[in-house]
Amino acid sequence: MKKFFVCLFIIAIFGSFVFTIGWTQIKIKPDTLGIVISKLHGIDSEIAQKGKFTFHKDFLLPSNARLIQFKNKPFFTEKTVSGSLPSADIYAGNSLYDFSYSFTFEIEAHAEPEDIRNLMIKNLISDQESFDKYMEINLQAVAQETAAYYLSRASEDPLFMPESITIVDIYKKCRFNEKYPDFQIDVIALKNSKIPDYELYRNIRNRTLPETNITNESQDSSSEDESEMENYTGDELL
């Protein structure tokens, strides 16, 4: 009887040990999720999260599996897009006119656990660091597309106010849900902006272009006269 209890105790200890090794949930930190990658099965379909029991038998084989942890919370970043309208320096000349633009956005986005797993399957990310870089690059593109939309609206309407545009408007016009299906943009807040005076820019450009054409035509005519003089031999007088 004593041996039976000893054996039962050993089995219980061994079972607890095996259970602890495979119990993935207790291995992740607060506010994180875990993706299990094993040498035998690759990326596991079951994602480890706090409050959800997960057991991965791949950990029972030594050095077979590893747990990659990602922050399970929104991603925040601030992006600035700046530049000048085409040939702005030429049209401004020595005046105080400024045809530059600048937009600073505060962006909040998040990726669902399944989206993070899909990004790993696509080999777009491999850990938290690569995920952060992926988000930074894509959200910079989001900021640039949003700024381009603002400039387009401003060129059409002199009274355009960027603050009047909602994230729903931006989503529809820029089609972010189609271009970036692996994460969701929760907030695009315009922190500050500077929009050039398109009406003044067009007036100066329209005034400058004809003058430039006249100058070019004069230079071309002068070049033709010089060419004719070079070819003149005096035979015309004979």
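Just so we're clear, the structure is a prediction, and the values are computed from it rather than from any experiment.

Draft legend 1. Structural view of the overall build of the chain. When helices and strands are tallied, the chain shows seven helices and seven strands. Traced from its N-terminal end to its C-terminal end, the chain shows the element sequence α-β-β-β-β-β-α-β-α-α-α-α-β-α. Out of the 238 residues belonging to the chain, those deemed buried represent 33%. By sequence separation, contacts in the chain at least 24 residues apart represent 73% of the contacts at least 6 residues apart. With the model as given, the accessible surface of the chain reaches about 15400 Å², and the carbon-plus-sulfur share is 55%.

Draft legend 2. How the structure looks around the sheet that holds strand β7 (residues 184-194). With respect to topology, three strands assemble into an open sheet ordered β5-β6-β7, the strand pairing being antiparallel. The open sheet terminates on both sides in strands that have one partner only, identified here as β5 (75-84) and β7. This sheet shows a mean twist of 20° between the axes of neighbouring strands, independent of strand direction. Where strand β6 (residues 100-110) lies against β7, nine bridges are found, and the strand directions are antiparallel. Paired with Ile 107 across the strands is Ile 188, a residue of β7. Across the sheet, helix α4 (residues 128-156) touches β5, β6 and β7, and the angle it forms with β5 is around 45°.

Draft legend 3. Here's a closer look at α4. Relative to the 42 Å expected for 29 residues at 1.5 Å per residue, α4 spans 42 Å between its end C-alpha atoms, a close match to the ideal helical length. Put simply, Asp 127 is the residue that caps the front of α4, since its side-chain oxygen is 3.4 Å from the backbone nitrogen of Glu 129.

Draft legend 4. Fine view of the pattern of salt bridges. Following the criterion strictly, the structure yields nine salt bridges and no others. Salt-bridge contacts for Lys 79 lead to Glu 136; the nearest nitrogen and oxygen are separated by 2.4 Å. A residue pair is termed long-range when its members are at least 10 positions apart, and Lys 79 in strand β5 and Glu 136 in helix α4 qualify at 57 residues. Since its relative accessible area comes to 10%, Lys 79 is described here as buried. Glu 136 gets classed as partly exposed once you look at its relative accessible area, which sits at 30%. Residue Glu 114 is joined to Arg 117 by a salt bridge in which the shortest nitrogen-to-oxygen separation is 3.1 Å.

Draft legend 5. Seen up close, the packing of aromatic side chains. According to the stated counting rule, one finds 13 aromatic pairs in the structure shown. Geometrically, the ring pair formed by Tyr 171 and Phe 176 is edge-to-face, given 5.9 Å between the ring centres and 80° between the ring planes. With a relative accessible area of 22%, Tyr 171 lands in the partly exposed category. On the basis of relative accessible area, Phe 176 is assigned to the buried category, the value being 0%. Consider the rings of Tyr 180 and Phe 183, whose centres lie 5.6 Å apart with planes at 35°: the pair is tilted. Here Tyr 180 matches Phe 183 in class, with each residue buried.

Quick notes on the rules
Residues numbered from 1 in each chain as written. Predicted model: local features only at pLDDT ≥ 70, side-chain atom pairs only at ≥ 80, totals over all residues. Heavy atoms only, no water. Helix = DSSP H or I, 4+ residues; strand = E, 2+ residues; numbered from the N terminus. Buried < 20%, exposed > 50% of the residue type's maximum accessible area, 1.4 Å probe, protein only. Contact = heavy atoms within 4.5 Å. Areas by Shrake-Rupley, 256 points an atom, 1.4 Å probe, with all protein chains shown as cover. Pairing = 2+ DSSP bridges. Axes fitted to C-alpha atoms, helices over the stretch in contact; angles between N-to-C directions. Expected span 1.5 Å × (residues − 1). Polar contact = N/O pair within 3.5 Å; in protein donor to acceptor, adjacent residues only side chain to side chain. Salt bridge = Lys/Arg side-chain N within 4 Å of Asp/Glu carboxyl O. Phe/Tyr/Trp six-rings, centres within 6.5 Å; stacked < 30°, edge-to-face > 60°.

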